[in-house]
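# Reading the structure
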Amino acid sequence: MPRLNAGDAERRETAGHGPDFLEALARGLAVLQAFGPERRQMTLAEAARAVDLPRATVRRALHTLVVLGHVEAEGKLFRLTPGVLRLAAGYLGSNGLSNILQPRCERLSAEVGAPCSAAVLDGAEIVFIAYGQPARLLNLTTNVGLRLPAFCTALGRVLLAGLPEPEMEAVLARHPPVAVTPQTELDPLRIRKRIAKARSDGFALVDQEAEQGFRSLAVPLRRYDGRVVAALNIGMHTERGTATAFREAYLPLLRAQAADLAQQLL
C-alpha cells in the first residue's frame, strides 16, 4: 500500500473518487503509514508534521489507532504494536502468490546457500511477499512486508519492465530517484535504459545499488497468459565472486523456477 498524506487524500477525492471517498479513513491511514524505520516512535507534534495534518486531526487518528490496538502510547510517544500485523496477515493469508512462493523461496535458498525472495510492485516500491534464507545465517527478520525502491533493485526493475510503457513512465515521473548507496544510479535516462534492458534480457542484475556489498539477480514471474505478477530474486554478497560468475551460475536456475511456476500463478 503506497504511503498517503493529507495532500494525497484530498487530490484523490478531487480526482474523481467522489462523495464515497472517506477522507477521514485516508488521513488515518496516512498517520499509520507515517511510522517506519526512520520514525519508529513519534510525538503528536512529530506525527502531525510527518503527514502535514492539523494536530487535532492527528490526535483523533492516533486515539482511534490506540483503541484498535494498532498503536500504543507511552507518555508523549506513540509507536506501532504487533497488532498492526493483522492488516498484513489478511493479505498474506488470502494471497495465493505468497502461499505458492514462500516454500519455493525456502527451498531455493537452501539449495544455493543465499537469500531468496519474491516481491510484487506497489506504486514505486517493491513489497516482499516471500523470503527464505539459509539456516546458517542469523535470521533477525523474515523480510516479508519489507518495502524498497523499485528503480534501484533487481526485483523492481523486472517488475517495472513488466508494466506497459506509459504506466512505467508515470511511476518514474511521480517518484524521482533518491540515492540509497554510493552506487545507486540516479540519472533518469540511464535508469530507463536499465529497465529496458531488463525487459529485453528477461532478467536484471543490480550490483550494490540497493545495499552496499550486496548484489541481486531477479527474473519476472509470469502467469499462464504472460502477464508479470511478481519477481523472484537471489541475493549474494559481492565477496563471493564476480557479477558475471553470479549471473552465469544462478540465472538458469531462476529461469527454470519461473518456468515451473508459470502454470501455478493465477
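What you see is a predicted model; the values in this text were computed from it and never measured.

### Observations regarding the pairing of strand β5 (residues 125-132)
Counting buried positions over the eight residues of β5 gives seven, a clear majority of the element. Counting the residues that bridge the hairpin from strand β4 (residues 116-122) to β5 gives two residues, and of these G123 lies at a positive phi of roughly 65°. Where β5 lies against strand β6 (residues 147-149), three bridges are found, and the strand directions are antiparallel. Its bridge partner being in β6, I126 is matched across the sheet by L148.

### Re the nonpolar core
Where a protein is soluble and globular, its nonpolar side chains tend to be buried together. L97, L101, L108, L221, L232, I234 and Y250 are the most contacted members of the largest nonpolar core, which totals 29 residues. Among the elements of the structure, α6 (96-112), β4, β5, β8 (214-222), β9 (228-237) and α10 (243-261) are those that each provide at least two residues to this core. In terms of residue count, α10 provides more of this core than any other element does, seven residues in total. Excluding residues within four positions of it along the chain, L97 makes contact with V120, I129, V229, A230 and L265. Listed in part, the 25 residues of the second largest apolar core include A124, A150, L155 and V206.

### A word on the packing of helix α7 (residues 154-161) against helix α9 (residues 188-201)
Following both chains from N to C, one finds α7 and α9 inclined at 75°, their axes separated by 8 Å at the closest point. Comparing the axis directions of α7 and α9 gives the class roughly perpendicular. Residue-level contacts link R157, V158, L160 and A161 of α7 to R194, I195, A198 and R199 of α9. A breakdown of the residues in the contact of α7 with α9 according to their chemical character gives five nonpolar, no polar and three charged.

### Let's talk about the packing of α6 against α10
Remark: α6 packs on α10, axes separated minimally by 12 Å, with the N-to-C direction vectors making an angle of 155°. What the angle tells us is that α6 and α10 run roughly antiparallel. Relative to α10, the crossing made by α6 is right-handed. Residues I100, L101, R104, L108, E111 and V112 of α6 form the contact with α10, whose own contacting residues are Y250, L253, L254, Q257, D260 and L261. Looking at the contact of α6 with α10 residue by residue, the classes come out as eight nonpolar, one polar and three charged.

### Description of a positive patch on the surface
On the surface, a cluster of positive charge is made up of R49, R55, R59 and R60. Counting residues per element, the positive patch draws most heavily on helix α4 (residues 55-68), at three residues. For R49, the position within the fold is in helix α3 (residues 44-51). Here R49 falls in the exposed class, since its relative accessible area comes to 61%.

### A short note on the sheet that holds strand β3 (residues 77-80)
With antiparallel pairing, three strands are arranged side by side in an open sheet as β1-β3-β2. The outermost strands of the open sheet, each flanked by one partner alone, are β1 (41-42) and β2 (71-74). Of the strand pairs in this sheet, β2 and β3 are connected by four bridges, and their pairing is antiparallel. Note that in β3 the partner of E74 across the bridge is L77.

Cut-offs applied
- Residues numbered from 1 in each chain as written.
- Predicted model: local features only at pLDDT ≥ 70, side-chain atom pairs only at ≥ 80, totals over all residues.
- Heavy atoms only, no water.
- Buried < 20%, exposed > 50% of the residue type's maximum accessible area, 1.4 Å probe, protein only.
- Helix = DSSP H or I, 4+ residues; strand = E, 2+ residues; numbered from the N terminus.
- Pairing = 2+ DSSP bridges.
- Core = buried A, V, L, I, M, F, W, Y, C linked by side-chain atoms within 4.5 Å.
- Contact = heavy atoms within 4.5 Å.
- Axes fitted to C-alpha atoms, helices over the stretch in contact; angles between N-to-C directions.
- Parallel < 35°, antiparallel > 145°, perpendicular 65-115°, else oblique.
- Nonpolar A, V, L, I, M, F, W, Y, C, P; charged D, E, K, R; others polar.
- Left-handed = near helix turned anticlockwise from the far one by under 90°.
- Patch = residues over 30% accessible without salt bridge, like charges linked within 9 Å, V, L, I, M, F, W, Y side chains within 5 Å.
- Areas by Shrake-Rupley, 256 points an atom, 1.4 Å probe, with all protein chains shown as cover.
- Salt bridge = Lys/Arg side-chain N within 4 Å of Asp/Glu carboxyl O.
- Lys, Arg positive; Asp, Glu negative; His and termini not counted.
- Charge placed at Lys NZ, Arg CZ, Asp CG, Glu CD.

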